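Chains, contacts and geometry: an overview
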Amino acid sequence: MDKPLYAQPVIELVTVATEYCKYLEQCRGKEPAELCRVMRALLPMVYLKAFLLPAVDEPQGWTEHCVTEDDYDYVRSSVASVLGANDDFLDVFVEDFKYSEQPVLCTVSECLADVYQQLRELVEAFRQGYEDAMQAALYEMKEEFTLQWGQKLLNALRALHDVAAAL
């Protein structure tokens, strides 16, 4: 298999992304300690697999986005309901901090939902199996990893570490 779309690093990322998305879609009603445990295991793997991806050629086409606002809100609200008051955290690694002297209030649920949205788009493109869409989704995911969701993942992981320590 010479095709980069089927290279081991790509398949490994899609595999861990699938597990991440599946867990968040089913997390409503879980205990906070379990969510923290699972996310503290999955998030470093997601980050590593995304980081280790080789360069991705810019696609000729584009991908249709399948994650709806309702899908995003369901994941965000599910995580928020599990974490309760532990959902909020203060952060200095956000764009809004440039304009403030105080840390910015963020939520783990929104960070995880942002990561979910990117990964779910990738998983769905690979599930459908159209190579042009897979290439476009992989390229977009890699670009957005560098620009925004990689940092959000790390912010959420740091906050979840603190939550787990307090539980």
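This text goes with the structure placed above it.
Okay, so let's go over this structure.

1. Overview of the overall build of the protein chain
A tally of helices and strands in the protein chain yields five helices and two strands. In sequence order, the secondary structure elements of the protein chain are arranged as α-α-α-β-β-α-α. In terms of C-alpha radius of gyration, the protein chain reaches 16 Å, essentially the compact-globule figure of 15 Å for 167 residues. With the principal axes as the frame, the protein chain shows a C-alpha extent of 50 × 35 × 30 Å. Here the contacts in the protein chain between residues at least 6 apart in sequence split such that 75% fall between residues at least 24 apart. Accessible surface computed for the protein chain: about 9400 Å², of which carbon and sulfur atoms make up 52%. The average position of the 14 basic charges and that of the 29 acidic charges among the side chains of the protein chain differ by 7 Å.

2. A closer look at the pairing of strand β1 (residues 88-91)
Residues Phe89 and Asp91 point to one face of β1 and are all buried, whereas Asp88 and Leu90, pointing to the other face, are not buried. Bridge count for β1 against strand β2 (residues 104-107) is four bridges, and the pairing is antiparallel. Bridge pairing links Phe89 to Cys106 in β2.

3. Digging into the pattern of salt bridges
Throughout the structure, instances matching the rule amount to five salt bridges. Measuring nitrogen to oxygen at the nearest pair gives 2.9 Å for the salt bridge that ties Lys49 to Glu12. Highlighted residues: Lys49 in helix α2 (residues 32-51) and Glu12 in helix α1 (residues 8-25), separated in sequence by 37 residues. A salt bridge links Glu124 to Arg127; the nearest nitrogen and oxygen atoms lie 2.6 Å apart. Residue Glu124 and its partner Arg127 are both found in helix α4 (residues 108-128); the two are separated by three residues, about one turn of the helix. By relative accessible area, Arg127 is classed as exposed at 52%. Each of Glu25, Arg120, Glu124 and Arg127 takes part in a single network of salt bridges with overlapping partners.

4. A short note on helix α3 (residues 69-83)
Helix length check: α3 (15 residues) gives 21 Å between terminal C-alpha atoms against 21 Å at 1.5 Å per residue, within 8%. Of the positions making up α3, those classed as buried are Tyr72, Val75, Ser78, Val79, Val82 and Leu83. Buried residues along α3 cover an arc of 135 degrees about the axis, so they all sit on one side. Residues of α3 that are exposed and angled more than 90 degrees away from the buried face: Glu69 and Asp70.

5. A few points about the environment of Leu153
Structurally, Leu153 is set in helix α5 (residues 131-166). Classification of Leu153 by relative accessible area gives buried; the value is 0%. Between the alpha carbons of Leu153 and Glu121 there is a distance of 16 Å; along the sequence they are 32 residues apart. Beyond its immediate stretch of four places on either side in the chain, Leu153 contacts Leu43, Val46, Tyr47 and Val115.

6. Quick notes on the environment of Glu69
Here Glu69 is to be found in helix α3. Relative accessible area serves as the criterion here: at 63%, Glu69 is assigned to the exposed category. Each C-alpha atom, one on Glu69 and one on Gln117, is 9.5 Å from the other, the two residues being 48 residues apart in sequence.

Analysis parameters
- Numbers given to residues run from 1 along each chain, matching the order in which its sequence is written.
- Given that this is a predicted model, residues contribute local features only at a pLDDT of at least 70 and side-chain atom pairs are listed and counted only at 80 or more, while totals for whole chains, interfaces and linings are drawn from all residues.
- Side-chain measures here rest on the full set of heavy atoms in the structure, leaving out hydrogens and waters.
- Secondary structure elements are defined from DSSP: runs of H or I of at least 4 residues count as helices, runs of E of at least 2 residues count as strands, and each element is numbered from the N terminus.
- The atom set for the radius of gyration is the C-alpha atoms, and the globule formula is 2.2 Å times the number of residues raised to the power 0.38.
- Here, two residues are considered to be in contact whenever any of their heavy atoms come within 4.5 Å of each other.
- Per-residue and other accessible areas follow the Shrake-Rupley method at a 1.4 Å probe size, with only the shown protein chains counted as cover for residues.
- Only four residue types enter the charge count: Lys and Arg as positive, Asp and Glu as negative, with His and the chain ends excluded.
- To locate a charge, the coordinates of NZ of Lys, CZ of Arg, CG of Asp or CD of Glu are taken.
- Burial classification: accessible surface area is computed with a 1.4 Å probe over protein chains only, and a residue below 20% of its type maximum counts as buried, one above 50% as exposed, and the rest as partly exposed.
- In this description, strands pair whenever DSSP reports at least two bridges between them.
- By convention in these notes, a salt bridge is any Lys or Arg side-chain nitrogen within 4 Å of a carboxyl oxygen on Asp or Glu.
- Given a helix with a known number of residues, its expected span is that number minus one, times 1.5 Å.
- The directions considered for the arc run from the helix axis to the C-beta atoms.

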